[in-house]
Amino acid sequence: MTRFDAIVIGAGVNGLVAAALLARRGKKVCLIEAARHAGGMAGLRPGEGPALAHLVHNLSPAVRRDLGLGRDWPFALTPLATVALAEDGRHVVVDGPNAKLADGTAHPFAAAHAALTERLTRYGALLRNMAETAPPGGGMSGIAMMRQGLRFARTGLSLRAMGKPEMRRFLQVLLSNAYDLILDEMSDGPLAGLWTADAVRGAALGPRSPGTVFSLIYRMGHGGIVSRPEGGMEAVIAALEEAGRKAGCTLRTDTRVARILTEGDRVTGVATEAGEILSAQVVLSSAAPLTTARLTGLDHFDIEATRRLRNLRARGTVAKVNLKLARAPALPGVDLASARMVFAPSAEYVETAFNPSKYGEMSEAPVIEAVMPDPGAASPWLSLLVQYAPADLDGGWTAAARDRLAQIATRTLARALPDLPGLVTSAEVMTPDQIGAATGGPGGHWHQAELTFDQMLTLRPGNGMGHYAFGPSGLYLCGAATHPGGDVMGLSGRNAALRALEDRA
Ligand SMILES: Cc1cc2nc3c(=O)[nH]c(=O)nc-3n(C[C@H](O)[C@H](O)[C@H](O)COP(=O)(O)OP(=O)(O)OC[C@H]3O[C@@H](n4cnc5c(N)ncnc54)[C@H](O)[C@@H]3O)c2cc1C
């Protein structure tokens, strides 16, 4: 038997962050990953091409600070402008608050775009404050409870400081849908399409679904800046791995946890599939909540909790398509090598793209985000996130269905990049069912569980489970299914590790 202070299950972004943080605080930590490599969902690769996750939206500075990584991340991040692709060639280039047409002329809604960016970034800063802490309650120690209460009180004060009319406006938009919010500010077109596509990225929701403004504001917490990690997502994962290694954390890949061990109502360690027993009084799991409960034994959870876990909504809708190109595509007046391209020519288009997924069908005209992770290469890859491609496709994701998705994606992008089809030399596809099978994440969902009002903050992943502690004493959830959710961000792992440390202080 090998003894540790803490065991972390799963070396995705959140498991890596949780393990490194615990190790930096002096704990003897073992991080166990079923796959051959660390990285989880973010690092999955459909073939030779780029990993699933291709952009960094909101890697948290709080994570960087807590992992002792200094002022800068130990990898290069290139901020990218976004090109909202248009079928008529009137592409919109968006760089933070600035929006202009690709030919350099002013966009008719440039002022509205700037004002919206400023307002949502300000609101986003309020939510970021909440994202960087565990929701208060859930059996926290008195001091921890006071600290969390203070943070939330600070959020309340910032809200008050906005003044009554602005606060009323904030609370009003928070509960509304992205479609109405955006089209109140500008007429429909590629710029509105871009805003609404960003609001529903990764979700099984359309821009008219309630609560989509909340997720948009969440993403604006870091100013809505998107960056390309140079060296691909592998560089981000390697840096997190190295932070853990430096702090003395043991990483065991190719090792699957078969059971979480308990004595009475206390966690005592884990048993691997190979039959090895590793002991620890603290176990953090970044596997999905129901998977974690099953590994522990459902008798540790009451019937109501088990029912909630079974009913968690997690239906993946985003597929990855990598296109190998003979050369980079070109658009007059646009530097595609330094751009995130988004094909969502209108808010109406995004809503229409969502509709077939409700009935288990893939969209024939999907929303696409495209990036060139290696623009300098002689024959570069174009990395696409294609939404909506539902995990539970009617008839299943056969090889023919995957081929069709690649064709649809190419054909759709060609509406704005006419030379693209002639440049594609090969394609690789990874659909949500494959993502789920590879990581254990239900439905291959971007956030392990949908980020909606009934599954966020203290209700994430479910009512009564919103504080990371999960079932028997010493067990914690630390994956994207917990507050504040997924993305390559690491806050779920960080908050869970801090909670575990506080409980044992
Ligand atoms: C197609 C797609 C594209 C995306 N692109 C981006 C992007 O560009 N930018 C961005 O910010 N976010 C992106 N995301 C979201 C982001 O990748 C995820 O939210 C994030 O990686 C989740 O990390 P996690 O650590 O919580 O979970 P996971 O990555 O799912 O990690 C859980 C880990 O636990 C392991 N595990 C499970 N069970 C066991 C067990 N019994 N024993 C041992 N190990 C186990 C799994 O193998 C896995 O490695 C994308 C998601 C998808 C689906």
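Relevant structure appears above.
Predicted model only: the values in this text are computed from it and were never measured.

1. Some words on the layout of surface pockets
Here comes step 1: Computed from the structure, the second largest pocket encloses a volume of approximately 380 Å³.
Here comes step 2: Asp198, Met220, Gly224, Ile225 and Arg340 are, among the 21 residues lining the second largest pocket, the residues nearest its centre.
Here comes step 3: Looking at the lining of the second largest pocket, the elements that each hand over two or more residues are strand E4 (77–84), strand E5 (92–95), helix H4 (110–131), helix H8 (190–199) and helix H9 (212–219).
Here comes step 4: Grouping the constituent residues of the lining of the second largest pocket by class yields nine nonpolar, seven polar and five charged.

2. Observations regarding the site of the ligand
Here comes step 1: Glu33, Met41, Leu55, Trp446 and Val488 are the nearest of the 34 residues found near the ligand.
Here comes step 2: Glu33 places a side-chain nitrogen or oxygen 2.6 Å from an oxygen atom of the ligand.
Here comes step 3: Trp446 places a main-chain nitrogen or oxygen 2.7 Å from an oxygen atom of the ligand.
Here comes step 4: Protein chains bury 98% of the 1000 Å² of accessible surface belonging to the ligand in isolation.
Here comes step 5: Secondary structure elements with two or more residues in the shell around the ligand: helix H1 (13–24), helix H2 (40–43) and helix H16 (432–439).

3. What about the pairing of strand E10 (residues 266–272)?
In summary, the side chains of a regular strand alternate between the two faces of the sheet.
Here comes step 1: Counting buried residues along E10, five of its seven residues qualify, which places the element largely inside the surrounding structure.
Here comes step 2: Of the pairings in the sheet, the one linking strand E9 (residues 257–263) to E10 comprises six bridges and is antiparallel in character. Residue pairing for E10: Thr262 is matched across the bridge by Val267.
Here comes step 3: Hairpin connection of E9 to E10: two residues between the antiparallel strands, including Gly264 at a positive phi of 60 degrees.
Here comes step 4: Two strands pair when backbone bridges link them, and E10 and strand E11 (residues 277–279) are joined in this way by three bridges, in the antiparallel orientation. Residue pairing for E11: Gly269 is matched across the bridge by Ser279.

4. Comments concerning the sheet that holds E11
Here comes step 1: Sheet architecture is open: four strands sit in the order E1-E11-E10-E9, paired in mixed fashion. Pairing within the sheet leaves two strands with one partner each, and these edge strands are strand E1 (2–3) and E9.
Here comes step 2: Looking at chain direction, E1 and E11 are connected through two bridges and run parallel. Its bridge partner lying in E11, Arg3 is registered against Ser279.

5. Remarks on the nonpolar core
Here comes step 1: Grouped together as the largest cluster of nonpolar side chains are 125 residues, with contacts concentrated most on Leu284, Leu382, Leu384 and Leu413.
Here comes step 2: A total of nine residues in this core trace back to one element, the largest contributor, which is H1.
Here comes step 3: Setting aside anything within four residues of it in sequence, one finds Leu284 in contact with Ile7, Val8, Ile9, Ala18, Leu22, Tyr476, Cys478, Ala496, Ala497 and Ala500.
Here comes step 4: Membership of the second largest hydrophobic core comes to 22 residues, among which are Ile32, Val270, Leu295 and Phe470.

6. Things to note about the pattern of salt bridges
Here comes step 1: Following the criterion strictly, the structure yields 25 salt bridges and no others.
Here comes step 2: Note that Arg415 is salt-bridged to Glu87, the shortest N-O span being 2.8 Å. Taken together, the residues Arg415 in the loop between helix H14 (399–414) and helix H15 (420–423) and Glu87 in the loop between E4 and E5 connect sequence positions 328 residues apart.
Here comes step 3: For Arg415, a relative accessible area of 35% corresponds to the partly exposed category.
Here comes step 4: Residue Glu87 is classed as partly exposed on the basis of its relative accessible area, which comes to 43%.
Here comes step 5: Arg245 serves as the salt-bridge partner of Glu242, at 2.7 Å between the closest nitrogen and oxygen. Here Arg245 and Glu242 lie together in helix H10 (residues 233–246), a separation of three residues that amounts to about one turn.
Here comes step 6: For Glu242, a relative accessible area of 35% gives the class partly exposed.

Thresholds applied
- Along each chain, the written sequence defines residue order, and numbers are assigned to residues from 1.
- In keeping with the predicted nature of the model, local features appear solely for residues at pLDDT of at least 70, side-chain atom pairs appear and are counted solely at 80 or more, and the whole-chain, interface and lining totals rest on all residues.
- Where side-chain values are given, they derive from all heavy atoms of the structure, hydrogens and water being excluded.
- Throughout, the protein atoms alone are placed on a 1 Å grid, and a set of points is a cavity if a 1.4 Å probe fits but cannot get out or a pocket if it is open with protein on both sides within 12 Å along at least five of seven lines; lining residues have an atom within 4 Å of a point.
- Grid points are joined across faces, edges and corners, and a volume is the space filled by probe spheres set on the points.
- Going along the chain from the N terminus, every DSSP run of H or I of four or more residues is numbered as a helix, and every run of E of two or more is numbered as a strand.
- Throughout, the ten residues Ala, Val, Leu, Ile, Met, Phe, Trp, Tyr, Cys and Pro are labelled nonpolar, Asp, Glu, Lys and Arg are labelled charged, and all others, Gly among them, are labelled polar.
- Throughout this document, a residue counts as near a molecule or strand when at least one of its heavy atoms sits within 4 Å of that molecule or strand.
- For this analysis, a polar contact is any N or O atom pair within 3.5 Å, provided that within protein one partner can donate a hydrogen and the other can accept it, and provided that sequence-adjacent residues contribute only side-chain to side-chain pairs.
- Note on areas: these come from Shrake-Rupley sampling with a 1.4 Å probe, and a residue is covered only by the protein chains present in the view.
- With a 1.4 Å probe rolled over the protein chains alone, any residue whose accessible area is under 20% of its type maximum counts as buried; one over 50% counts as exposed, and the rest are partly exposed.
- In this analysis, strands are considered paired if DSSP registers two or more bridges between them.
- Buried residues of nine kinds, namely Ala, Val, Leu, Ile, Met, Phe, Trp, Tyr and Cys, make up a nonpolar core once their side-chain atoms join them within 4.5 Å.
- In what follows, a contact means two residues having at least one pair of non-hydrogen atoms within 4.5 Å.
- Each reported salt bridge corresponds to a side-chain nitrogen of Lys or Arg within 4 Å of a carboxyl oxygen of Asp or Glu.

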